[in-house]
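The residues making up each chain are set out below.
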Amino acid sequence: MRIAVLTGAGISAESGLATFRASDGLWENHRIEDVATVEAFERDPALVHDFYNMRRIKAAEAQPNAAHRALAELARAHDLTLITQNVDDLHERGGSADVIHMHGAVASALCAACGHRWQAPMVMRPEDRCPECNAQATRPDIVWFGEMPYHMERIWQALEEAELFAAIGTSGNVYPAAGFAQHAARFGVECIELNLEESANSRDFSQRILGPASRTVPEWVN
Ligand code: BV8
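Residue indices follow the written sequence of each chain, beginning from 1 at its first position. Given that this is a predicted model, residues contribute local features only at a pLDDT of at least 70 and side-chain atom pairs are listed and counted only at 80 or more, while totals for whole chains, interfaces and linings are drawn from all residues. Hydrogens and water are ignored here; the side-chain numbers use all heavy atoms of the structure.

**Quick notes on the site of the ligand**
Not every one of the 35 residues close to the ligand is listed here, only the nearest: Arg-21, Arg-55, Gly-146, Ser-171 and Tyr-175. Phe-20 is positioned such that a nitrogen or oxygen atom in its backbone is 2.8 Å from an oxygen atom of the ligand. Arg-55 places a polar side-chain atom, nitrogen or oxygen, 2.5 Å from an oxygen atom of the ligand. Secondary structure elements are taken from DSSP: a helix is a run of H or I of four residues or more, a strand is a run of E of two residues or more, and numbering for both begins at the N terminus. When contributions to the shell around the ligand are tallied by element, the ones reaching two or more residues are α1 (10–13) and α4 (45–61). Partitioning the shell around the ligand into residue classes produces 18 nonpolar, 12 polar and five charged. A single heavy atom is enough: if one lies within 4 Å of a molecule or strand, its residue is considered near that molecule or strand. Here a polar contact is taken to be a pair of N or O atoms separated by no more than 3.5 Å, where protein atoms must pair a possible hydrogen donor with a possible acceptor and residues adjacent in sequence count only if both atoms sit in side chains. Residue type decides the class: Asp, Glu, Lys and Arg count as charged, Ala, Val, Leu, Ile, Met, Phe, Trp, Tyr, Cys and Pro as nonpolar, and the leftover types, Gly among them, as polar.

**Observations regarding the pairing of strand β9 (residues 164–168)**
Buried, partly exposed and exposed residues are distinguished by accessible area as a fraction of the type maximum, computed with a 1.4 Å probe on protein chains only: under 20%, between the cut-offs, and over 50%, respectively. The buried fraction of β9 amounts to five of the five residues, a majority that puts the element mostly inside the structure. Pairing between strands is defined by DSSP: at least two bridges between the two strands are required. Pairing of strand β1 (residues 2–7) with β9 involves five bridges; the strand directions are parallel. Bridge assignment links Leu-6 to a residue of β9, and that residue is Ala-167. Looking down the strands as they point away from the viewer, one classifies a crossover as right-handed if the path from the first strand across the helix to the second runs clockwise. Tracing the backbone out of β9, into helix α8 (residues 180–185) and back to the parallel element strand β10 (residues 190–195) gives a crossover that is right-handed.

**Focus: the UniProt feature "active site" (unreviewed entry) in the protein chain**
The feature "active site" (unreviewed entry), as given by UniProt, occupies His-103 in the numbering adopted here. Among the secondary structure elements, His-103 is positioned in the loop between β5 (99–101) and β6 (104–111). UniProt positions are given in the numbering used here, feature names are shortened, and annotations may be inferred rather than shown by experiment.

**Notes on the pattern of salt bridges**
Note on definitions: salt bridges are taken to be side-chain nitrogens of Lys or Arg within 4 Å of carboxyl oxygens of Asp or Glu. Evaluation of the coordinates by the stated rule reveals nine salt bridges. Across the pair Asp-89 and Arg-93 runs a salt bridge whose closest N-O atoms are separated by 3.1 Å. Under the relative-accessibility criterion, Asp-89 is labelled partly exposed at 27%. For Arg-93, a relative accessible area of 31% translates into the label partly exposed. Ionic pairing is found between Arg-215 and Glu-219, a salt bridge with its closest N-O pair at 3.4 Å. Pair noted here: Arg-215 and Glu-219 are both in helix α9 (residues 213–221), with a separation of four residues, about one helical turn. One network of salt bridges, with partners in common, ties together Arg-31, Asp-34 and Arg-43.

**Points about the domain arrangement of the protein chain**
Note that the domain bounds were set by an automatic or database domain assignment. By the assigned domains, the protein chain splits into domain 1 (1–17 + 64–103 + 149–222) and domain 2 (20–61 + 106–142). Using C-alpha coordinates to define each centre, domain 1 is positioned 25 Å away from domain 2. Any two residues whose heavy atoms approach within 4.5 Å at even a single point are treated as in contact. The interface of domain 1 with domain 2 comprises 12 residues on the first partner and 11 residues on the second. Summed over both partners, the accessible area (1.4 Å probe) lost when two parts come together is defined as the buried area. Taken over both partners, the interface formed by domain 1 and domain 2 buries close to 870 Å², and the fraction arising from carbon and sulfur atoms is 50%. Looking at the side of domain 1 facing domain 2, the largest losses of area belong to Leu-17, Val-87 and Tyr-150, adding up to 49% of the total buried there. At the junction of domain 1 and domain 2, the tally comes to zero salt bridges. On inspection of domain 1 and its partner domain 2, the count reaches four residue pairs in polar contact (both at pLDDT 80 or more). Partitioned by chemical class, the residues of the side of domain 1 that touches domain 2 number five nonpolar, three polar and four charged.

This is the structure we're talking about:
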């Protein structure tokens, strides 16, 4: 069966990584607009680098949980397209091979001058230079608010061609991801939600499985 899955911060919560929502819109004591926008980076690159340096270190210390591993197992039995809003690499370390990071990845660095991408050092600084063009224009390879998410053509096609769409551990607050269930439903795709609690777009789903992902995802997969 063709399955499209979207994951959010909730799938990594039991691995110890902070979700946006649980901290009342404050991410590690920062307001989102102070750290996750191009304007924020232009205003204070050191602050934004520090924010992502801390998340890169925490992601490296975290371990994938049973939900990450269950999705890797799902891919062995079905034609799975795994889309994540998360910038950590727990899906890959949980065994998933082809993960679509629509909001980027904290382990990746990007040169704003030439577009070169490379494995980010654990700590990035504003004075770092691009290994390709030597410009002092390095940034975290993250999609900030107001920027176009990555791989959208492939995502829309997967949502339209799936037989089943499952959203896991996402509060349904950030677009375009929050509109994926409505988009898929227009193509006759069955949409289910696995979350700790009702989300902002729960009405877009025909079935809801409530509970912690480390329990609900393995049960759903098996
Ligand atoms: C764009 C990287 C256009 C940064 C992120 C339409 C309407 C309104 C607004 C907009 C719109 N279209 C665009 C916008 C603006 C904006 C937006 O949506 N704003 C919101 C706030 C209203 N969207 C954008 O700017 C996007 N860009 O649309 O570009 C464009 C068009 C043309 C050309 C150029 C541009 C880009 C958005 C990407 C922002 N970057 N991430 C970083 O990570 O630091 S967003 C970031 O926040 C995450 O990636 C994720 O997407 C979001 C957090 O959401 P969740 O993952 O859902 O996490 P959250 O904490 O909210 O929820 C966790 C859930 O898990 C909860 O429900 C909880 O109950 C559950 N949970 C907790 N524990 C568990 C659990 N579930 C299971 N088990 C558990 N144990």
